[in-house]
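# Tertiary structure, described
For reference, the chains in residue letters:
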Amino acid sequence: MRDFDLNLVRTFVLLYETRSVTATAESMHVTQPTISYGLQKLRRRFGDELFRRSSGGLVPTTTARQLYEPLHAALSGIEAAVSGARTFDPAAHTTFTLCLSDLGEVSLLPRLMAALPRRAPGVTLRVRPLDVVNAPDQVGRGEIDAFIASPLIGSRRVTRIPLFTEDYVGMVCAGHPRLRGDRVSAAELAAERHVTVFGPTGHEGPRRALTEQGLLHRVALEVTRFAALPYLVRQSDLVAMVPRNVAGVFAAEHRVRLLELPLEIEPVHVSVYARHSHARSPAQHWLVAFMRDVLGDGSAVTDR
């Protein structure tokens, strides 16, 4: 297949996956007119409109739906064969830019940094605050290479690679005057004052659980960052509900104690978001695989 034909296949696959001329252009680092021109050539080649415009983006036709799987498989096979000729060398000096939440910086970044010297001695990381609203556009514009987030983000500019799922535990000061042991009952929880985190999308579970139990009036304090919780809890009788992984980090560094909760709290799903597979550089492919290997729970679906 000629390189020009390969670019047309990549254009089609990305248009199908992103349903957006703009997002496809950003992923391929070309202009929107270039993508529109490529789409016209695809339409002539297949004798079909392929995509119709709608208020929600491009809608594939029946022909496009039939073409996607074989063209996606062909593109993946070609890229796999070619990747050997343009592999990324993690020993070479490279800087990746990631966006992480405060939870990510506390619980995930140390694990990545611990693995880097052995796995990628030439790689350095640049971390920026996570803005879940603008992060997909930042990936599309090439300002960041990837971001880790818990909400399910529906932007067509990025693809989601699941890492792990975690539940919540209670966190109190080590010498809490009433709560003992490693569990708290529903009655005990209802009698205590709570501190909750307001704002981070993807962590609504604890507040929703308190609301369902009629305990929202027991919230004595709202803060904006999980990183503040151990400092607030260790010097008070407040109860916090914290994702299990970061709670373990807090317990190792602060005079706090973790408690199993009696509430049904929706677990949080943590994923890495990056460009679509066909639009990533070899270095970005390596980065996604590295994060999935270091942070994943082994059950993540194959990234395509």
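Residues numbered from 1 in each chain as written. Predicted model: local features only at pLDDT ≥ 70, side-chain atom pairs only at ≥ 80, totals over all residues. Heavy atoms only, no water.

## Focus: unusual backbone geometry
This is how it is decided: Here the term buried applies to any residue with accessible area under 20% of the maximum for its type, exposed to any over 50%, and partly exposed to those in between, with areas from a 1.4 Å probe on protein chains only. For the purposes of this entry, the term helix denotes a DSSP run of H or I that reaches at least four residues, the term strand denotes a run of E that reaches at least two, and both are numbered from the N terminus.
The phi torsion at Arg19 lies on the positive side, around 55°, for a residue other than glycine. On the basis of relative accessible area, Arg19 is assigned to the partly exposed category, the value being 24%. With a phi angle near 70°, Leu50 is a residue other than glycine that sits in the positive phi range. With respect to the helices and strands, the residue Leu50 is situated in the loop between helix H3 (32–46) and strand S1 (51–54). Taking the relative accessible area as the measure of exposure, Leu50 reaches 0% and is therefore buried.

## Regarding the packing of helix H2 (residues 21–28) against H3
Let me state the cut-off plainly: Fitting a line to C-alpha atoms yields each axis, with helices limited to the stretch in contact; the angle taken between N-to-C directions then spans 0 to 180 degrees. In this scheme, roughly parallel covers angles under 35 degrees and roughly antiparallel covers those over 145, while 65 to 115 is roughly perpendicular and the rest are oblique. Whether two residues touch is decided by their heavy atoms; if any such pair falls within 4.5 Å, the residues are in contact. In this classification, Asp, Glu, Lys and Arg are treated as charged, Ala, Val, Leu, Ile, Met, Phe, Trp, Tyr, Cys and Pro as nonpolar, and every other residue, Gly included, as polar.
Where H2 meets H3, the axes come as close as 8 Å, and the angle between the chain directions of the two elements is 110°. In terms of orientation, H2 and H3 fall into the roughly perpendicular class. Contacts between H2 and H3 involve Val21, Thr22, Thr24, Ala25 and Met28 from the former and Gln32, Ile35 and Ser36 from the latter. For the contact of H2 with H3, the class distribution of residues is 4 nonpolar, 4 polar and no charged.

## Digging into the pattern of salt bridges
Think of it this way: side chains of opposite charge can pair up when their charged atoms draw near. Short version of the rule: Here, a salt bridge means any Lys or Arg side-chain nitrogen found within 4 Å of an Asp or Glu carboxyl oxygen.
The final tally for this structure, using the stated rule, is 10 salt bridges. For Arg141, the salt bridge is made with Glu143, and the minimal N-O distance between the two is 2.8 Å. Residue class for Arg141 comes out partly exposed when judged on its relative accessible area of 47%. A salt bridge links Glu266 to Arg208; the nearest nitrogen and oxygen atoms lie 3.1 Å apart. Note that Glu266 is positioned in the loop between strand S11 (256–259) and strand S12 (268–274) and Arg208 in helix H8 (residues 205–212), a separation of 58 residues in sequence. Looking at Arg208, the relative accessible area reads 37%, which means it is partly exposed. Several salt bridges share partner residues, and in doing so they unite Arg178, Glu192, Arg193 and Asp237 into one network.

## Describing the sheet that holds strand S6 (residues 159–166)
This is how the line gets drawn: Two strands qualify as a pair provided DSSP detects at least 2 bridges between them.
One open sheet holds the 5 strands; their spatial order is S4-S3-S5-S12-S6, and the pairing between them is mixed. This sheet does not close on itself; its edge strands, each paired only once, are strand S4 (123–129) and S6. Sheet twist, expressed as the average angle between the axes of neighbouring strands with direction ignored, equals 25°. Here 2 bridges tie strand S3 (residues 94–100) to strand S5 (residues 146–149), and the two strands are oriented parallel to one another. Its bridge partner lying in S5, Cys99 is registered against Phe147. Packing against the sheet, helix H5 (residues 102–119) makes contact with S3, S4, S5, S6 and S12, and its axis sits at approximately 175° to S4.

## Let's talk about the nonpolar core
One recurring pattern in soluble globular proteins: nonpolar side chains tend to sit buried together. Where we set the bar: Take the buried residues of types Ala, Val, Leu, Ile, Met, Phe, Trp, Tyr and Cys, join any two whose side-chain atoms come within 4.5 Å, and each joined set is a nonpolar core.
Grouped together as the largest cluster of nonpolar side chains are 27 residues, with contacts concentrated most on Ile148, Trp286, Phe290 and Met291. When residues of this core are traced back to their parent elements, those giving at least two are S3, H5, S5, S6, S12 and helix H11 (282–295). With 8 residues, H11 is the single largest residue contributor to this core. Leave out the neighbours within four places in its chain, and Met291 touches Leu98, Leu112, Ala146, Ile148, Leu163, Val272 and Gly296. Formed by 23 residues, the second largest nonpolar core is a distinct cluster that contains Phe12, Leu39, Ala64 and Leu67.

## Quick look at the sheet that holds strand S10 (residues 239–243)
Taken in spatial order, the 5 strands of this open sheet run S9-S8-S10-S7-S11, and their pairing is mixed. Since the sheet does not close on itself, it has two edges, and those belong to strand S9 (219–223) and S11, each with one partner. Sheet twist, expressed as the average angle between the axes of neighbouring strands with direction ignored, equals 35°. Across the sheet, H8 is in contact with strand S7 (168–173), strand S8 (194–197), S9 and S10; its angle to S8 comes to roughly 135°.

## Comments concerning the packing of aromatic side chains
Aromatic ring pairs are described here by two measures, namely the spacing of the ring centres and the angle between the planes. To keep things clear, this is the line we draw: We call Phe, Tyr and Trp rings a pair once their centres come within 6.5 Å, taking the six-membered ring for Trp, and we label the pair stacked below 30 degrees between planes, edge-to-face above 60, and tilted otherwise. Over a ring means this: the NZ of a Lys or the CZ of an Arg is within 6 Å of the ring centre and within 35 degrees of the ring normal.
Within this structure, the stated rule accounts for 8 aromatic pairs. Geometrically, the ring pair formed by Trp286 and Phe290 is stacked, given 4.9 Å between the ring centres and 10° between the ring planes. Here the residue Trp286 and the residue Phe290 both occupy positions in helix H11, the gap between them amounting to 4 residues, near one helical turn. For Trp286, a relative accessible area of 19% puts it in the buried group. Lying across the ring of Tyr16, Arg19 places its NZ or CZ 4.7 Å from the centre.

## Considering the pairing of S5
Both faces of S5 are covered, namely the face carrying Ala146 and Ile148 and the face carrying Phe147 and Ala149. Note that S5 and S12 share 3 bridges and pair antiparallel. Note on S12: the bridge partner recorded for Ala149 is Ser271.

That is the geometry; function is a separate question.
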